[in-house]
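These are the residues of each chain, in order.
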Amino acid sequence: MTVEQHARGTTNGGTGSGRRRSRKDEILEIAVGLFAARGYHGVSMDDIGAAAGVTGPALYHHFAGKEAMLVAALIPVSEGLLAGGRERSAGHPDDPRGALESLIDFHVDFALANPAVIALHLHELDRLPDEPRRRIRRLQRLYVEEWVTVLTALHPGLPDGEARVLAHAAFGLMNSTPFLGGEVDRQRRAELLRGATLAALLAPTGS
């Protein structure tokens, strides 16, 4: 499953109805892992080709260069997060607590499945040209607003600005997955991240 498919909550999962992973998807996943591990400037196209078992001409058939790979990795994920966040918020129109729990479940599942992509967002976004970087920032802001809408409904009287502070704090907690070791199994990590995020966002917000 590609990172953008996971962000949208979709999977081929043996149903036979989904698109099979393409060679381009496989190369992109390898590139994302290398960028996250070594940094964008620490990886060459030759490194990616060697890791993917692809020669130079075949690699350039799929991507014009590293920059194109970074764009292909980050924009679909941002689009998928926004689409998934909107879907989960809409699923609980009169239940902000249920909407919040659904958003947290969605984001924790994404973060645990895609730590390398999160690392790219944190450290490599500024490598992009202005247009795709602005597009990603806008998608991110819209995703934050889904959380702000839910938080202000859950905490009447909470100003939007303070709700954004809480949302970003929650993202910081959930997006810690690139820095977590393997001493705790995935299911337990998910339980801990969900519980800690929910507790933080349900806490009284009065001064």
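Predicted model only: the values in this text are computed from it and were never measured.

Observations concerning the packing of helix 9 (residues 160-174) against helix 10 (residues 186-202)
At step 1: The interhelical angle for the contact between helix 9 and helix 10, taken along N-to-C directions, is 165 degrees, at an axis separation of 10 Å. Comparing their axes, helix 10 and helix 9 come out roughly antiparallel. For the pair helix 9 and helix 10, the crossing hand works out as right-handed. In this structure, helix 9 uses Leu 166, Ala 170, Leu 173 and Met 174 to contact helix 10, whose residues at the interface are Leu 193, Ala 196, Thr 197 and Leu 201.
At step 2: Grouping the amino acids of the contact of helix 9 with helix 10 by side-chain chemistry returns seven nonpolar, one polar and no charged.

What to know about the packing of aromatic side chains
At step 1: Inspection of the entire model under this criterion finds four aromatic pairs.
At step 2: Ring centres of Tyr 143 and Trp 147 lie 6.2 Å apart, and the angle between their planes is 80 degrees; this geometry places the pair in the edge-to-face category. Pair noted here: Tyr 143 and Trp 147 are both in helix 8 (residues 130-154), with a separation of four residues, about one helical turn.
At step 3: With a centroid separation of 5.2 Å and 85 degrees between ring planes, the pair formed by Trp 147 and Phe 171 is classed as edge-to-face. Residue Trp 147 is located in helix 8, and its partner Phe 171 is located in helix 9; the two are separated by 24 residues in the primary sequence.

Topic: the pattern of salt bridges
At step 1: The tally for this structure, following the rule as stated, stands at 13 salt bridges.
At step 2: Note that Arg 86 and Glu 146 form a salt bridge whose closest N and O atoms lie 3.7 Å from each other. Taken together, the positions of Arg 86 in helix 5 (residues 66-90) and Glu 146 in helix 8 put the pair 60 residues apart, joining distant regions of the chain.
At step 3: Here Asp 130 and Arg 133 are joined by a salt bridge, their closest N and O atoms 2.6 Å apart. Taken together, the residues Asp 130 and Arg 133, both in helix 8 and three residues apart, mark about one turn of the helix.
At step 4: Connected through shared salt-bridge partners, Asp 105, Asp 109 and Arg 194 make up one network.

Considering the UniProt feature "domain: HTH tetR-type" (unreviewed entry) in the protein chain
At step 1: The UniProt feature table records "domain: HTH tetR-type" (unreviewed entry) at residues 21-81.
At step 2: For the annotated span residues 21-81, helix accounts for 77% and strand for 0% of the residues, and the straight-line distance between the end C-alpha atoms is 20 Å.

Let's talk about the UniProt feature "DNA-binding region" (unreviewed entry) in the protein chain
At step 1: UniProt feature "DNA-binding region" (unreviewed entry): in the numbering of this structure it lies at residues 44-63.
At step 2: The span residues 44-63 is 75% helical and 0% strand by assignment, and the distance between its end C-alpha atoms comes to 13 Å.

Digging into the environment of Ala 116
At step 1: Position of Ala 116 among the secondary structure elements: in helix 7 (residues 115-123).
At step 2: When its relative accessible area of 24% is taken as the criterion, Ala 116 is described as partly exposed.
At step 3: Along the primary structure Ala 116 and Val 32 are separated by 84 residues, whereas in three dimensions their C-alpha atoms are 6.4 Å apart.
At step 4: In this structure Ala 116 touches Val 32, Gly 33 and Ala 36, once residues within four positions along its chain are discounted.

Concerning the packing of helix 2 (residues 23-38) against helix 7
At step 1: Orientation of helix 2 relative to helix 7, taken along the N-to-C sense of each, is 55 degrees, at an axis distance of 9 Å. Between helix 2 and helix 7, the angle falls in the class oblique. Between helix 2 and helix 7 lies a crossing whose hand is left-handed. Judged by residue contacts, Val 32, Gly 33, Phe 35 and Ala 36 of helix 2 engage Ala 116, Val 117, Ala 119 and Leu 120 from helix 7.
At step 2: The residue inventory of the contact of helix 2 with helix 7, partitioned by class, reads seven nonpolar, one polar and no charged.

Comments concerning the side chain of Thr 197
At step 1: Topologically, Thr 197 is positioned in helix 10.
At step 2: Dropping the residues within four chain positions of it, Thr 197 is found in contact with Ile 104, Ala 170, Leu 173 and Met 174.

Cut-offs applied
Residues numbered from 1 in each chain as written. Predicted model: local features only at pLDDT ≥ 70, side-chain atom pairs only at ≥ 80, totals over all residues. Heavy atoms only, no water. Axes fitted to C-alpha atoms, helices over the stretch in contact; angles between N-to-C directions. Helix = DSSP H or I, 4+ residues; strand = E, 2+ residues; numbered from the N terminus. Parallel < 35°, antiparallel > 145°, perpendicular 65-115°, else oblique. Left-handed = near helix turned anticlockwise from the far one by under 90°. Contact = heavy atoms within 4.5 Å. Nonpolar A, V, L, I, M, F, W, Y, C, P; charged D, E, K, R; others polar. Phe/Tyr/Trp six-rings, centres within 6.5 Å; stacked < 30°, edge-to-face > 60°. Salt bridge = Lys/Arg side-chain N within 4 Å of Asp/Glu carboxyl O. UniProt positions renumbered as here; feature names shortened; annotations may be inferred. Buried < 20%, exposed > 50% of the residue type's maximum accessible area, 1.4 Å probe, protein only.

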